[in-house]
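Summary of structural features
The chain contents come next:
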Amino acid sequence: MEPPLFVDVRMEIESLYVGRPPGVVHVAWYEYPDLTADPQAFATAVEREAGDKARPLLLICRSGKRTLDAGAALEAAGFAEVLHVLHGFEGDLNDDFKRSSLNGWRHDGLPWEQM
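Heads up: these notes are all about the structure in this document. Since this is a predicted model, take the numbers as computed values, not measurements.

The next thing to look at is a nonpolar patch on the surface. Among the surface-exposed residues, Ile-13, Tyr-17 and Met-115 lie close enough to one another that they form a single nonpolar patch of about 370 Å² accessible area. Examined against the element boundaries, Ile-13 turns out to sit in helix α1 (residues 12–18).

In structure tokens, the structure reads:
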């Protein structure tokens, strides 16, 4: 069995400048300036990276919200196993409306890199 494909669904600028887990593949759920998802094009791009719809996928976004919609689109497209990072890369907002202070990949001390 192939290892899961780790997919960053954030916009490219987020992935590059905010940071990302090492080895993650970038396939944006939507991009600036449209900010509108195209589920079919997204699923096609992920399949191209995965090589097979049976390959497990692990999705990450900023806070774990975008991956819910992206994951649902992938499941509807026939992907067999789609998981996501619960609090995303930056996590939930705190009482001061700041991220990376409560939870998330970076907050939890997991490996990450920045451009």
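There is more to say after this.
What follows concerns the packing of helix α2 (residues 39–50) against helix α3 (residues 66–76). Packing of α2 against α3 leaves a shortest axis separation of 9 Å and a crossing angle of 75 degrees. Our classification of the angle between α2 and α3 gives roughly perpendicular. On α3, the residues touching Pro-39, Phe-42, Ala-43 and Val-46 of α2 are Ala-70, Ala-73 and Leu-74. Of the residues assigned to the contact of α2 with α3, the class counts are seven nonpolar, no polar and no charged.

Quick look at α3 now. For α3, the set of buried residues is Arg-66, Thr-67, Ala-70, Gly-71, Ala-73 and Leu-74. The buried side chains of α3 occupy one side of the element, clustering within an arc of 160 degrees when seen end-on. Exposed and oriented more than 90 degrees from the buried face of α3 are Asp-69 and Ala-76. Of the surrounding elements, those touching the buried residues of α3 are α1, α2, β3 (57–60) and β4 (82–84). With its phi angle positive at about 105 degrees, Gly-78 sits one or two positions after the end of α3.

Conventions used here
- Residues numbered from 1 in each chain as written.
- Predicted model: local features only at pLDDT ≥ 70, side-chain atom pairs only at ≥ 80, totals over all residues.
- Heavy atoms only, no water.
- Patch = residues over 30% accessible without salt bridge, like charges linked within 9 Å, V, L, I, M, F, W, Y side chains within 5 Å.
- Areas by Shrake-Rupley, 256 points an atom, 1.4 Å probe, with all protein chains shown as cover.
- Salt bridge = Lys/Arg side-chain N within 4 Å of Asp/Glu carboxyl O.
- Helix = DSSP H or I, 4+ residues; strand = E, 2+ residues; numbered from the N terminus.
- Axes fitted to C-alpha atoms, helices over the stretch in contact; angles between N-to-C directions.
- Parallel < 35°, antiparallel > 145°, perpendicular 65-115°, else oblique.
- Contact = heavy atoms within 4.5 Å.
- Nonpolar A, V, L, I, M, F, W, Y, C, P; charged D, E, K, R; others polar.
- Buried < 20%, exposed > 50% of the residue type's maximum accessible area, 1.4 Å probe, protein only.
- Arc of directions from axis to C-beta.

Limitation: the analysis is restricted to geometry and does not speak to function.
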